[in-house]
Amino acid sequence: MSGDRPSPLVIERILRDRESIWQQIVAERDLNVLTGRMLTSSAIALACYGAVLGFFHSPLMALTSALKLPLLFLVTLAICLPTLYLFNLVFGARLSVRQSLALVMVAITVTSMLAVAFAPISLFFLITANDYGFFKLLNVAILTLSALVGLRFLTSGMQVLNDHGLLAPEAATAKVDEQASAPAPVQAVPAAVPVGATPAAAPVAGPSAEPAAVPAGAAVAEPTPNGAVATAPAQVPTQWAGQPAGASFPPGTLPPGYVAQRPWNSPPVRRGEPTQRPASMTLLYIWILLFGFVGTQLAWTLRPFFGDPGQDFAFFRSIDGNFYAEILRTIANL
């Protein structure tokens, strides 16, 4: 599936062909259309899930929750998006507002679609286990899990943009371009070793290492004027010095003790060493925490979503306490 023939369902394209989504965001191609489709899909999915939440109290509460749950995510996005954009500008990233919006909308779309996929499970427990505290904790857990998966898509998309140089400062990008355009080192002319001569010796790494013979068809290390080491094919017999008569090695194999050489001025290779993370990626994780705190506080401000059956219907409740204290109190009551 390609970006030229998108799936009718934007969530299907995100999940099946996410690479084309990232490439479209990188190229800023038809981002308004893509963002509009994600916005519509997210609003419909969140409205359906909000209706399930509100049905615990009454049909009227279901209607109001269907309106307030999409509003919760969109207002949180409107509050936090300028911070994400300015974070990237401060640290030299070349991310536009449309690209930032599209990335966050990918995360919200995945969150909303995963939440509505859990709606039948939530409805099942609503019918079979009519307990307000349990139902509230169950749906908070569903929304938390869905949000974590959606934010994982956000970090993946930012990593792709980092691979394309959109998060790195321009100075670092210019340095990489300069290194890529540097001339290649001059290599020495290949030197052949006559057949029947004494096998050539290749130095073994170490201050007092013994020379090891080079097999037939292997490379002989030779210094070049610029200090690098060039390799030249060697034509030597398969008989090795120090081995019993008749001992030979198949072409393309190395004898025991042979150590390949690197140029003297090349940096050491360290396996498993982590690459340097750009500042924009670090700030992204900080922004995700900020997004979570703003979202939970806004959810507490817009409550009720479930509707306590012991209270009358109300579009909003008075602001007292906080979201986290209410969750701990609900767990204690269970």
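It should be emphasised that the depicted structure is a prediction, and the values quoted were computed from it without experimental measurement.

Trainee: Explain the overall build of the protein chain to me, and be specific about the residues and the numbers.
Mentor: Along its length, the protein chain carries 10 helices and four strands. Helices and strands appear in the protein chain in the N-to-C order α-α-α-α-α-α-α-α-β-β-β-β-α-α. Split into buried and exposed, the 334 residues of the protein chain put 40% on the buried side. Within the protein chain, residue pairs in contact and separated by at least 24 positions form 69% of the contacts whose partners lie at least 6 positions apart. Taken as a whole, the protein chain presents about 18700 Å² of accessible surface, with 65% of it coming from carbon and sulfur.

Trainee: Can you tell me about the side chain of Thr76, naming the residues and giving the values?
Mentor: If you trace the backbone, Thr76 turns up in helix 4 (residues 59-90). Every residue in contact with Thr76, bar those within four places of it in the chain, is listed here: Phe291, Val294, Gly295 and Leu298.

Trainee: Give me the lowdown on the packing of aromatic side chains, citing residues and values where you can.
Mentor: Under the defined criterion, the tally for this structure stands at nine aromatic pairs. With a centroid separation of 5.1 Å and 15° between ring planes, the pair formed by Phe56 and Phe135 is classed as stacked. Highlighted residues: Phe56 in the loop between helix 3 (31-54) and helix 4 and Phe135 in helix 7 (residues 132-163), separated in sequence by 79 residues. Exposure class is identical for Phe56 and Phe135. Each is buried. Ring pairs connect the aromatic residues Phe56, Tyr132, Phe135 and Phe306, which therefore count as one cluster. When the ring centre of Phe305 is taken as origin, the NZ or CZ atom of Lys68, which lies over that ring, is 5.3 Å away. Above the face of the Phe315 ring, Lys68 is positioned so that its terminal group lies 5.2 Å from the ring centre.

Trainee: Tell me what's going on with the packing of helix 2 (residues 18-27) against helix 7, and back it up with residues and numbers.
Mentor: Interhelical geometry of helix 2 versus helix 7 gives an angle of 55° and a closest axis separation of 10 Å. Judged by the inter-axis angle, helix 2 sits oblique to helix 7. In terms of crossing hand, the pair formed by helix 2 and helix 7 is right-handed. Touching Arg18, Trp22, Ile25 and Val26 of helix 2 are Phe153, Ser156, Gly157, Val160 and Leu161, all from helix 7. The residue makeup of the contact of helix 2 with helix 7, split by class, is six nonpolar, two polar and one charged.

Parameters and conventions
- Residues numbered from 1 in each chain as written.
- Predicted model: local features only at pLDDT ≥ 70, side-chain atom pairs only at ≥ 80, totals over all residues.
- Heavy atoms only, no water.
- Helix = DSSP H or I, 4+ residues; strand = E, 2+ residues; numbered from the N terminus.
- Buried < 20%, exposed > 50% of the residue type's maximum accessible area, 1.4 Å probe, protein only.
- Contact = heavy atoms within 4.5 Å.
- Areas by Shrake-Rupley, 256 points an atom, 1.4 Å probe, with all protein chains shown as cover.
- Phe/Tyr/Trp six-rings, centres within 6.5 Å; stacked < 30°, edge-to-face > 60°.
- Lys NZ or Arg CZ within 6 Å of the ring centre and 35° of its normal.
- Axes fitted to C-alpha atoms, helices over the stretch in contact; angles between N-to-C directions.
- Parallel < 35°, antiparallel > 145°, perpendicular 65-115°, else oblique.
- Left-handed = near helix turned anticlockwise from the far one by under 90°.
- Nonpolar A, V, L, I, M, F, W, Y, C, P; charged D, E, K, R; others polar.

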